[in-house]
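Observations on chain architecture
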Amino acid sequence: MTAESVVPEPMWLVAANVVRWRRYGDGGQELRPGTKSYRGGAKVYVVDTYPGMGHEQVTTIGRARTGRWITVDTGSRHLHTFRAKSAYAPAVRRRAEAIGVRPGSREEAEELAGLLERLAAGYRETHHGAPHPTPCLCHTCLVTPG
């Protein structure tokens, strides 16, 4: 068996997508696509959270707007569709290992994904504390029927 044929052990991480549009500015009346670092809809891997801050900020690995892989902290309110995902991409694994991410189980990743999904939805709703602009294209308005 050669070194090339060895399949690496799965690294279970939480994957999420960047919101297509986010509210911005005074009272959240402006809309901006994605975030400063990521395009809307980009897939990112959450590799760390800040539990003492209520998971409002998370450390993510993903492809930047430039196409290069980056590791950056972002607001969890700018992410959605959190799910457990096995990361095999060498760039993701290298970056995760470089910052000391310990391999976890699928169950741990699923539990964290569920928690982050609930918290992020609440943060999107309460962050600006003002009515949504009309028409609104933010993630909450796009996925909520009616």
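A brief report on the enclosed structure follows. As a convention, each chain's residues are numbered from 1 in the sequence order in which they are written. Reporting of local features is limited, given that this is a predicted model, to residues whose pLDDT is at least 70; pairs of side-chain atoms are given and counted only at 80 or more, and all residues count toward the totals for whole chains, interfaces and linings. The basis for the side-chain values is all heavy atoms of the structure; hydrogens and waters are excluded.

Regarding the sheet that holds strand E4 (residues 43-49)
Note the cut-off: Strands were regarded as paired on the criterion that DSSP finds at least two bridges between them. The secondary structure listing takes helices from DSSP runs of H or I that are at least 4 residues long and strands from runs of E that are at least 2 residues long, numbered from the N terminus. To define axes, lines are fitted to C-alpha atoms, for helices over the stretch in contact only, and angles between the resulting N-to-C directions are given on a 0 to 180 degree scale. Any pair of residues with heavy atoms lying within 4.5 Å of one another is described as a contacting pair.
What the five strands build is an open sheet, ordered E6-E5-E4-E1-E7; its pairing is antiparallel. The open sheet is flanked by strand E6 (69-75) and strand E7 (79-87), the only strands paired with a single partner. When the angles between neighbouring strand axes are averaged without regard to direction, this sheet yields 40 degrees. In this structure, strand E1 (residues 11-18) lies alongside E4, joined through four bridges in antiparallel fashion. Directly across from Ala 15, in E4, lies its bridge partner Tyr 45. The sheet contacts of helix H1 (residues 90-98) involve E1, E4, strand E5 (57-63), E6 and E7, and relative to E6 the element is tilted by about 60 degrees. Across the sheet, helix H2 (residues 106-126) touches E1, E4, E5 and E7, and the angle it forms with E7 is around 165 degrees.

Comments concerning the environment of Cys 136
Looking at where Cys 136 falls in the secondary structure, it is placed in the loop between H2 and helix H3 (139-143). Along the backbone, Cys 136 and Arg 23 are 113 residues apart, and their C-alpha atoms lie at a distance of 8.7 Å. Not counting residues up to four positions away in its chain, the partners in contact with Cys 136 are Leu 31 and Cys 141.

Observations concerning the pairing of strand E3 (residues 30-33)
With four bridges joining them, strand E2 (residues 21-24) and E3 adopt antiparallel strand pairing. Looking at the pairing, Tyr 24 lines up with Glu 30 of E3. Taking the residues between adjacent antiparallel strands as the criterion, E2 and E3 are bridged by five residues, where Gly 25 takes a positive phi near 85 degrees.

Looking at the pattern of salt bridges
The following threshold applies: Put simply, a salt bridge is a Lys or Arg side-chain nitrogen that is within 4 Å of an Asp or Glu carboxyl oxygen. We call a residue buried when its accessible area falls under 20% of the maximum for its residue type, exposed when it is over 50%, and partly exposed in between, using a 1.4 Å probe and counting protein chains only.
Within the structure shown, the criterion is met by two salt bridges. In this structure, Arg 102 engages Glu 108 in a salt bridge whose closest nitrogen and oxygen atoms are separated by 3.5 Å. For Glu 110, the salt bridge is made with Arg 106, and the minimal N-O distance between the two is 3.1 Å. Placement of the pair is Glu 110 and Arg 106 together in helix H2, with a separation of four residues, close to one helical turn. We classify Arg 106 as partly exposed; its relative accessible area is 43%.

Notes on unusual backbone geometry
Most of the time, phi is negative for any residue but glycine, and the peptide bond is trans. Positioned with a positive phi, His 55 is a non-glycine residue whose angle comes to about 60 degrees. Mapped onto the fold, His 55 is located in the loop between E4 and E5. Judged by relative accessible area, His 55 falls into the buried class, the value being 11%. One non-glycine residue, Thr 81, lies in positive phi territory at about 55 degrees. Within the secondary structure, Thr 81 sits in strand E7.

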